[in-house]
Amino acid sequence: METYTSGPLLELNRAIPSFEESGLPPVPFSMKLMPGDCVVVEVRDAARATMFADICSGLVPLDGGNVTFMGLDWTQMKDRALNALRGRIGRITRRASWPEFVPTHIAIMLQQLHHTTRPQDDLLQEAARLAEWFGLPGLPTLSPALLSESDLCRAACVRAFLGRPHLLLLEDPLDGGPQELANPFLGAITEARDRGAGVIWLVRGNAVWQRYRQGITASWRLADDGLAAVRMG
């Protein structure tokens, strides 16, 4: 992965989300994420967390302002460029996102297969390595419906970190996930940041990230009046 060093990796510049499309408060959202940053955003409502990640991914229409990723405005790009940029984003989402009739190992690779030109064999090798890292006995080939919630959580981590993404939008897998996932998850975040990726970690409460406190670069809260910076002191 080439390192992006030309300013903010992601910037929300007074971005006003469409309330009809997102349910988020139609107020200006402003935030900058630099390469290597890890930002915590506390969002009590899981649906709002997903929509905030959608804003960052250019998937929510705006009534004002703009959102840029790697210096490019989501609204100014055509499909080919959009697909290429979205191939550089890894997400863990609480939105139902596992295809019903696709084996899990294929579902893990779908985003990379769609948005990049990487050979499937390369993706399989990387996915198998990540599966071992996150505590799976191997790359799961059963239908997602046949996996336990714990293994689905691990598989979601594999999918998010596959492809060495530039931006990680992570709806907290440690909240309700297997306890032993914490160390590999935090290790994967650190490794990604070391190579220049930016991380937005969406949490429901601040207790979950305290053990990683020294690595957090900023903390925000998303509430009814919008996005507000939180002092970490």
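Residues numbered from 1 in each chain as written. Predicted model: local features only at pLDDT ≥ 70, side-chain atom pairs only at ≥ 80, totals over all residues. Heavy atoms only, no water.

### Considering the sheet that holds strand β3 (residues 38–42)
As a reminder of what qualifies: When DSSP finds two or more bridges between a pair of strands, those strands are recorded as paired. Only DSSP runs of H or I covering at least 4 residues are called helices, and only runs of E covering at least 2 are called strands; the numbering of each starts at the N terminus. For helices, the axis comes from a line fit to the C-alpha atoms of the stretch in contact; other axes are also lines fit to C-alpha atoms, and the angle between any two N-to-C directions lies between 0 and 180 degrees. Whether two residues are in contact is decided by their heavy atoms: any pair within 4.5 Å suffices.
Pairing is mixed across the open sheet formed by 6 strands, whose spatial order is β6-β7-β8-β3-β9-β10. Edge strands, defined here as strands with exactly one partner in the open sheet, are β6 (89–92) and β10 (226–230). Ignoring which end each strand starts from, the neighbouring axes of this sheet average 20° apart. One ladder, built from 5 bridges, connects strand β9 (residues 218–223) with β10; its direction is antiparallel. Paired with Leu222 across the two strands is Leu227, which belongs to β10. Lying on the sheet, helix α6 (residues 149–161) is in contact with β6 and β7 (167–171); it crosses β6 at an angle near 165°.

### Concerning empty space enclosed by the protein
Empty space among the atoms can be located by rolling a probe the size of a water molecule over them. Convention followed: Points on a 1 Å grid, built from protein atoms alone, make a cavity when a 1.4 Å probe fits but cannot get out and make a pocket when they are open with protein on both sides within 12 Å along at least 5 of 7 lines; residues with an atom within 4 Å of a point are the lining residues. Grid points are joined across faces, edges and corners, and a volume is the space filled by probe spheres set on the points. Residue polarity is assigned by list, with Asp, Glu, Lys and Arg as charged and Ala, Val, Leu, Ile, Met, Phe, Trp, Tyr, Cys and Pro as nonpolar; anything else, Gly included, falls into the polar class.
Under the criterion given, the structure shown has 1 cavity of 30 Å³ or more. In this structure, the largest cavity encloses a volume near 70 Å³. What lines the largest cavity is simply Val43, Asp45, Ala46, Ala49, Arg94, Glu171, Asp172, Asp175, Leu202, Val203 and Arg204. In the lining of the largest cavity, the residues fall into 5 nonpolar, no polar and 6 charged.

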